[in-house]
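Spelled out from the first residue to the last, the chains are:
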Amino acid sequence: MEREEILKQVIAVVEKTLKVSDIDEDTYMQDDLHIESLDFYTLLANLEKNFRIRIPERILAAVETVGDIADEVETILAKKR
């Protein structure tokens, strides 16, 4: 799967999970969306379901933007092949 498609799906899951709109890969999870840890866990669960992957909780500390999440998903999908 191409990164653009991954990003598109990540944005859709983020928008649906957090009930937000008009976000892009440069949207900051904390500064722009004010995401709390419970919401982040819900988001991770929804991303796992959408992409049929397991996302390690360590990414909680590693991601800052929606694009960072797409990068993590892309890495996990690449290892899955």
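Keep in mind it's a predicted model, so treat the numbers as computed, not measured. (Residues numbered from 1 in each chain as written. Predicted model: local features only at pLDDT ≥ 70, side-chain atom pairs only at ≥ 80, totals over all residues. Heavy atoms only, no water.)

Draft legend 1. How the structure looks around the pattern of salt bridges. On inspection of all chains with the given rule, the structure shows 4 salt bridges. As a salt-bridge pair, R54 and E48 come within 2.6 Å of each other at their nearest N and O atoms. Measuring nitrogen to oxygen at the nearest pair gives 3.7 Å for the salt bridge that ties R58 to E72. In this pair, R58 sits in the loop between helix 2 (37-51) and helix 3 (59-62) while E72 sits in helix 4 (residues 66-80), placing the two residues 14 residues apart along the sequence. Residue class for R58 comes out exposed when judged on its relative accessible area of 53%. Put simply, R3, E25 and D71 are held in one network by salt bridges that share partners. (Salt bridge = Lys/Arg side-chain N within 4 Å of Asp/Glu carboxyl O. Helix = DSSP H or I, 4+ residues; strand = E, 2+ residues; numbered from the N terminus. Buried < 20%, exposed > 50% of the residue type's maximum accessible area, 1.4 Å probe, protein only.)

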